[in-house]
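Close look at the chain arrangement
These are the residues of each chain, in order.
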Amino acid sequence: MKQIKIAVIGVGALGQHHARILAGMPDVELVGVADTNQENGARVAHNCGTEWFADYHEVLELVDAVSVAVPTFAHLAVAGDCLARGIPTLVEKPLALNAAQGGLLVKQSENTGAILQVGHIERFNPAMQTARPHIGPPKYIRGERLSPFSFRSTDIGVTLDLMIHDIDLVLDIAASPLVSVEAFGVNILGNSEDAVQARLRFENGCVADLTANRVSLSVSRNMQIWSSTGFVGIDFAARRVTSCAPSEALLYGTSPVERARQPGADIEKLKTDVFEHFIRVENPTVPSQDALTAELSSFIACVRTGQTPLVDGRTALQSLLAAERILDDVAAHAWDGHSQGAIGPAPFLAGPRKLAG
């Protein structure tokens with residue numbers, strides 16, 4: 001099998017792992033890594049047995065494909081260059097800094113026919129893939145994504161940094177046009193929103209509540225999906241899935257509430273029967289595969305076969321458009337309930353800041 005020649009552009013906190021994994025794939029030749037930071041780029045290149053390039057343009061003539069993991073503000077310039085040359089491109093999430101830029105990348109991909117895949121890695125999380133067959137037509141979805149402040153991705157706020165993962169998953173699960181968005185958020189440490197709460201309503205009646213906070217004391221990456229057929233809970237970090245569905249005893253027998261009303265009912269026994277007799281609980285086995293390896297392998301397969309990526313440019317653009325609607329609502333939120341009060345994500349920083357010393 002012909003090896004796919006690939007380069008990684010941007011080998012910072014995430015890109016270095018792209019390089020490490022690609023360097024270990026038998027059907028891939030990592031021909032180089034490009035990074036403006038010589039110390040970091042040379043170190044990653046040495047560790048991966050490849051060459052460092054200060055200017056990514058120098059490596060584009062050598063490759064069949066590229067993986068782009070530069071800061072979000074540079075996605076349009078770097079990924080746009082690659083796509084304009086017809087090079088299949090994997091670009092990290094979010095697709096771009098805004099929907100207008102994202103649309104340009106999608107158009108560039110379509111003009112040249114170059115594959116464009118976007119790194120929405122949770123699609124490849126084995127917990128998500130294990131949960132998928134258990135999810136019925138969704139009625140309510142709740143997602144929570146919390147983390148301590150990492151001092152990375154400071155060119156974007158928490159909506160494009162963390163919440164975008166759950167926006168992508170919710171749009172895929174709901175599979176219905178987005179009708180309305182309600183959201184509010186706050187700046188905590190910087191000039192962008194660090195905590196956001198959003199409610200998304202879909203044409204098919206599904207409602208999704210999303211929470212994202214990147215200045216959190218705890219870490220959480222969870223999602224719950226309720227449908228007419230049951231409940232599915234996903235812990236993306238721990239790779240655990242819980243599926244609950246009504247048993248035949250609950251669907252066709254006497255309900256536990258009715259049984260509790262009968263003379264001499266054993267309430268304590270009924271309590272234990274709820275999740276043993278009336279509601280069927282399953283914890284399907286989640287494989288131990290690495291999500292980033294699966295994502296990169298999928299990209300290589302698309303490059304080799306020409307098939308459409310699981311998350312292509314147009315799919316990722318829909319997530320970016322939804323994120324912009326959330327950001328617009330965050331910017332317009334009236335904290336005092338009227339337009340004369342504090343507006344937007346920095347209600348406590350409306351006046352000039354006084355610096356000590």
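Description of the structure in this document. Every chain is numbered on its own, with residues counted from 1 as its sequence reads. pLDDT decides what is reported in this predicted model: residues at 70 or higher carry local features, side-chain atom pairs at 80 or more are listed and counted, and totals for whole chains, interfaces and linings draw on all residues regardless. Excluded from the side-chain calculation are hydrogens and water; included are all heavy atoms of the structure.

Here we take up the sheet that holds strand β7 (residues 138-146). Being paired, for any two strands, means DSSP has found at least two bridges between them. Strands are runs of DSSP state E lasting at least 2 residues, helices are runs of H or I lasting at least 4, and numbering of each runs from the N terminus. Read from one edge to the other, the open sheet built from eight strands follows the order β8-β9-β10-β7-β11-β12-β13-β14, with strand pairing classed as mixed. Both outer strands of the open sheet, β8 (178-186) and β14 (279-282), are each paired with one neighbouring strand and no more. Taken pair by pair, the neighbouring strands of this sheet meet at an average axis angle of 10°, ignoring direction. Contact criterion: two residues are considered in contact whenever any of their non-hydrogen atoms come within 4.5 Å of each other. Each axis is a line fitted through C-alpha atoms, and for a helix only the stretch in contact is used; angles between axes span 0 to 180 degrees, taken between their N-to-C directions. Sitting on the sheet, helix α6 (residues 158-174) is in contact with β7, β9 (195-202), β10 (207-213) and β11 (220-227), with an inclination near 160° to β10. Against the sheet, helix α11 (residues 313-332) contacts β8 and β9, and its axis sits at roughly 50° relative to β8.

This part takes up the packing of aromatic side chains. Pairing of aromatic side chains here covers Phe, Tyr and the six-membered ring of Trp, requires ring centres within 6.5 Å, and sorts the geometry by plane angle: under 30 degrees stacked, over 60 edge-to-face, intermediate tilted. Within the structure shown, the criterion is met by four aromatic pairs. Centre to centre, the rings of Y140 and W226 are 5.4 Å apart; their planes meet at 40°, and the pair counts as tilted. A residue pair is termed long-range when its members are at least 10 positions apart, and Y140 in strand β7 and W226 in strand β11 qualify at 86 residues. For Y140, a relative accessible area of 24% gives the class partly exposed. Here W226 and F231 contribute two aromatic rings whose centre-to-centre distance is 4.9 Å and whose plane-to-plane angle is 55°, an arrangement assigned as tilted. Buried, partly exposed and exposed residues are distinguished by accessible area as a fraction of the type maximum, computed with a 1.4 Å probe on protein chains only: under 20%, between the cut-offs, and over 50%, respectively. For W226, a relative accessible area of 35% translates into the label partly exposed. Members of the aromatic cluster, each reached through a chain of ring pairs, are Y140, W226 and F231. Remark: a charge is flagged as sitting over a ring if the NZ atom of Lys or the CZ atom of Arg is within 6 Å of the ring centre and within 35 degrees of the ring normal. The ring of F236 has R145 lying over it, and the distance from NZ or CZ to the ring centre is 5.4 Å.

Here we come to the packing of helix α4 (residues 99-112) against α11. Contact geometry for α4 and α11: axes closest at 9 Å, N-to-C directions at 170°. Considering their axes alone, α4 and α11 lie roughly antiparallel with respect to each other. Of α11, the residues touching α4 (which contributes A99, G102, G103, V106 and E110) are G313, R314, L317, L320, L321 and E324. Throughout this entry, Asp, Glu, Lys and Arg are counted as charged residues, while Ala, Val, Leu, Ile, Met, Phe, Trp, Tyr, Cys and Pro are counted as nonpolar. The remaining residues, Gly among them, count as polar. Considered class by class, the residues forming the contact of α4 with α11 number five nonpolar, three polar and three charged. Our angle categories are set so that under 35 degrees counts as roughly parallel, over 145 as roughly antiparallel, 65 to 115 as roughly perpendicular, and the remainder as oblique.

Cysteine sulfur atoms are paired as a disulfide whenever they come within 2.5 Å of each other. Within this structure, the stated rule accounts for zero disulfides. Free cysteine C82: the closest other cysteine sulfur is in C302, separated by 17 Å. When its relative accessible area of 0% is taken as the criterion, C302 is described as buried.

Here the focus is the pairing of strand β12 (residues 230-235). Every other side chain in a regular strand lies on the same face of the sheet, so the side chains alternate between the two faces. With respect to burial, β12 is a largely interior element, six of its six residues being buried. Here β11 pairs with β12 via six bridges, running antiparallel. Paired with W226 across the two strands is F231, which belongs to β12. A loop of two residues connects β11 with β12, the two strands running antiparallel in sequence. Between the antiparallel neighbours β12 and strand β13 (residues 240-246) lie four residues, among them R239 with a positive phi of about 60°.

Let us look at the pairing of strand β6 (residues 116-119). Taking every second residue as pointing to the same face, both faces of β6 are buried, with L116 and V118 on one and Q117 and G119 on the other. Crossover strand β5 (residues 89-92) to β6 through α4 is right-handed. With its strands directed away from the observer, a crossover is right-handed exactly when the path from the first strand over the helix to the second travels clockwise.

Turning our attention to helix α3 (residues 75-84). Among the residues making up α3, those that are buried are H75, V78, A79, G80, C82 and L83. Buried residues along α3 sit against β1 (4-9), β4 (65-68), β5, α4 and β6. One or two residues past the end of α3 sits G86, with phi positive at roughly 80°.

By the element assignment, S67 lies in strand β4. Judged by its relative accessible area of 0%, S67 is buried. In this structure, S67 is in contact with I6, A7, V8, I9, H18, L22, L90 and L296, ignoring residues within four places of it in sequence.

This paragraph deals with the side chain of R214. Structurally, R214 is set in the loop between β10 and β11. Polar contact criterion, stated in full: a pair of N or O atoms within 3.5 Å, where within protein one must be able to donate a hydrogen and the other to accept it, and residues adjacent in sequence count only if both atoms are side-chain atoms. Only 3.4 Å separates the side chain of R214 from the backbone oxygen of S153, close enough to count as a polar contact. Only 2.9 Å separates the side chain of R214 from the side chain of D194, close enough to count as a polar contact. Among all residues touching R214, those that are not within four sequence positions of it are S147, P148, F149, S153, I156, G157, V158, D161, L162, S192, E193 and D194.

Interpretation note: all reported values are geometric properties and have no functional meaning in isolation.
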